[in-house]
Amino acid sequence: MAKLEAKALREIVMILSQNYGYSEWWKEYTPFETLVCIILSQRTYWKNVDYAMREFTRRFNDIKSVAQADIEDIEEAIKPAGFYHTRASGIKKLALSIANKYNGTLDDITNLTYVKARQELLSLKGIGRKTADVFLMALKESPVIPIDVHIFRIMRRLGMTDGREGYDALRARMESLIPPAERKRGHMTLIEFGRETCHARNPRCDECPIADYCHSDDKRL
């Protein structure tokens, strides 16, 4: 099923980087706020995440203030991002874990190597592989390619995966084809491409700058 070779995937990243810009949004947030933003961004429109984060950062000053907050206050802050009941509970539990285990700071984690930092993050309830990888890519410049729903969909349409491949396997294969220095740009531009053009439903194929590489007959993949 893997029809893309290293050269082709690097060409795709280069083409997309020339057509889609991206912002390093995490630079305006603290490490904990970055984690919250990553959690809220899953299966949610980015503009709604932005609204939620504005209110979240207005209400809460640090990890300990979130750990001590009422669930209802967290829910109200993140409501624009959706799934706020479940997410508020998870964010509070995460804040409590960090407050208790790391004295209210993520410095001990961000100072570790990628492998050890990832292990620590995954030990925290509510942190999955993608969330950990995006966080470490952003905060530590770790040379990883986190696989989100946009990238997974795009790779299916390009013929690089048949959909049965797991997160770690697809991530490792993409990283074997894209040099470390190009991975953050690849991750970010693929996501922007997925958000703006290669939609899950009704993709804008007539506007696609990499249409020549696409192997998909079913544009609903």
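What you see is a predicted model; the values in this text were computed from it and never measured.

Here the focus is the pattern of salt bridges. Scanning the model with the defined rule gives 16 salt bridges in all. When the shortest N-O distance is used, the salt bridge between Glu55 and Arg59 registers 2.7 Å. A residue pair is termed a helical-turn pair when its members lie 3 or 4 positions apart in one helix, as Glu55 and Arg59 do in helix H3 (residues 46-59) at 4 residues. Three or more residues joined by partner-sharing salt bridges are found here, namely Arg118, Arg129, Asp133, Asp168, Arg171 and Glu175.

Right, let's talk about unusual backbone geometry for a bit. We note that Arg43 has phi near 55°; this positive angle belongs to a residue other than glycine. Looking at where Arg43 falls in the secondary structure, it is placed in the loop between helix H2 (31-40) and H3. The exposure class of Arg43 is exposed, given its relative accessible area of 69%. Positive phi values are uncommon outside glycine, yet Asn103 reaches one of about 60°. Counting through the fold element by element, Asn103 comes out in the loop between helix H6 (84-101) and helix H7 (107-110). Given a relative accessible area of 59%, Asn103 falls into the exposed group.

What follows deals with the nonpolar core. Judged by nonpolar contacts, the single largest core of 45 residues is most densely connected at Phe32, Leu40, Phe56, Ile91 and Ile98. Sorting the residues of this core by element identifies H2, H3, helix H4 (63-67), helix H5 (71-78), H6, helix H8 (114-122) and helix H9 (129-140) as the ones contributing at least two each. Among the elements that take part in this core, H2 stands out by supplying 7 residues, more than any other. If we skip the residues at most four places from it in the chain, Ile91 touches Phe32, Val36, Leu40, Phe56, Val66, Ile74 and Ile78.

If you trace the backbone, Asp148 turns up in the loop between H9 and helix H10 (149-158). For Asp148, which is buried and forms no salt bridge, the nearest opposite charge comes from Lys130, at a distance of 5.4 Å. A polar contact of 3.2 Å, which involves the side chain of Asp148, links it to the backbone nitrogen of His150. Only 2.9 Å separates the side chain of Asp148 from the backbone nitrogen of Ile151, close enough to count as a polar contact.

Another aspect to go through is the confidence of the model for the protein. Chain-level pLDDT for the protein is 93 on average; 96% of the residues reach the 70-or-more range. Highest mean pLDDT in the protein belongs to H5 (98); lowest belongs to helix H1 (residues 6-19) (91).

The next point concerns the packing of H2 against H6. Packing of H2 against H6 brings their axes to within 11 Å, and their N-to-C directions diverge by 155°. One finds that H2 runs roughly antiparallel with respect to H6. In this structure, H2 crosses over H6, and the sense of that crossing is right-handed. For the pair formed by H2 and H6, the contact residues are Phe32, Leu35, Val36, Ile39 and Leu40 on the first element and Arg87, Ile91, Leu94, Ala95 and Ile98 on the second. Looking at side-chain class alone, the contact of H2 with H6 contains 9 nonpolar, no polar and 1 charged residues.

Basis of the calculations
- Residues numbered from 1 in each chain as written.
- Predicted model: local features only at pLDDT ≥ 70, side-chain atom pairs only at ≥ 80, totals over all residues.
- Heavy atoms only, no water.
- Salt bridge = Lys/Arg side-chain N within 4 Å of Asp/Glu carboxyl O.
- Helix = DSSP H or I, 4+ residues; strand = E, 2+ residues; numbered from the N terminus.
- Buried < 20%, exposed > 50% of the residue type's maximum accessible area, 1.4 Å probe, protein only.
- Core = buried A, V, L, I, M, F, W, Y, C linked by side-chain atoms within 4.5 Å.
- Contact = heavy atoms within 4.5 Å.
- Lys, Arg positive; Asp, Glu negative; His and termini not counted.
- Polar contact = N/O pair within 3.5 Å; in protein donor to acceptor, adjacent residues only side chain to side chain.
- pLDDT = per-residue confidence, 0-100.
- Axes fitted to C-alpha atoms, helices over the stretch in contact; angles between N-to-C directions.
- Parallel < 35°, antiparallel > 145°, perpendicular 65-115°, else oblique.
- Left-handed = near helix turned anticlockwise from the far one by under 90°.
- Nonpolar A, V, L, I, M, F, W, Y, C, P; charged D, E, K, R; others polar.

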